[in-house]
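Listed here are the chains, written in short residue letters.
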Amino acid sequence: MNFIQSRRHLEKGDIVQLDCDTQCNFMLICDAEYARYQEAKRFAYHGGTFKTFPAQIPVPESGEWNIVIDLAGARKEIQYNVIIILESMERSVPAGG
């Protein structure tokens, strides 16, 4: 699998936004489903395949989430930026910070 992953605590109503220079699968995955994803089993997620950006995924419930950018087998370097738009504070923070 060729993917990028970051784990963060997110609050319900936050929005995860991705800007990317290529088509990709952009997903929010809870820990239990992320384990299934890593084992290449069926898994549940929020998000999907995006061809145009910015792409946004609303956080469905508060908790720990895995933010995943999956290139669906493509092997290349990409340019991307993920930000979290905080519902409660109405401001943005970088996903890595």
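These remarks concern the structure in this document. (Residues numbered from 1 in each chain as written. Predicted model: local features only at pLDDT ≥ 70, side-chain atom pairs only at ≥ 80, totals over all residues. Heavy atoms only, no water.)

Across all of its chains, the model carries six aromatic pairs by this definition. On the numbers, 5.3 Å between centres and 75 degrees between planes, the contact of F3 with Y37 is edge-to-face. In this pair, F3 sits in strand β1 (residues 3-10) while Y37 sits in helix α1 (residues 31-38), placing the two residues 34 residues apart along the sequence. With relative accessibility at 26%, the residue F3 sits in the partly exposed group. Judged by centre distance (5.3 Å) and plane angle (40 degrees), the ring pair of F43 and Y45 falls under tilted. (Phe/Tyr/Trp six-rings, centres within 6.5 Å; stacked < 30°, edge-to-face > 60°. Helix = DSSP H or I, 4+ residues; strand = E, 2+ residues; numbered from the N terminus. Buried < 20%, exposed > 50% of the residue type's maximum accessible area, 1.4 Å probe, protein only.)

In the structure shown here, the tally under the stated rule is three salt bridges. Note that R7 is salt-bridged to D31, the shortest N-O span being 2.5 Å. Of this pair, R7 sits in strand β1 while D31 sits in helix α1, and the two are 24 residues apart along the sequence. Residue R7 is classed as partly exposed on the basis of its relative accessible area of 45%. The class for D31 is partly exposed, based on a relative accessible area of 34%. The partner of K41 in a salt bridge is E39, with the nearest N and O atoms 3.2 Å apart. A relative accessible area of 44% places K41 in the partly exposed class. Among the charged side chains, a network of salt bridges with common partners joins R7, D31 and E64. (Salt bridge = Lys/Arg side-chain N within 4 Å of Asp/Glu carboxyl O.)

Counting 18 residues, the largest nonpolar core has L10, V16, L18, F26, L28, I67 and I69 as the members making the most contacts within it. Of all the secondary-structure elements, those providing two or more residues to this core are β2 (15-20), β3 (24-29), β5 (55-58), β6 (63-70) and β7 (80-86). Apart from the residues lying within four places of it in its own chain, the contact partners of F26 are V16, Q17, L18, H46, G47, G48, F50, A55, I57, I67, V68 and I69. (Core = buried A, V, L, I, M, F, W, Y, C linked by side-chain atoms within 4.5 Å. Contact = heavy atoms within 4.5 Å.)

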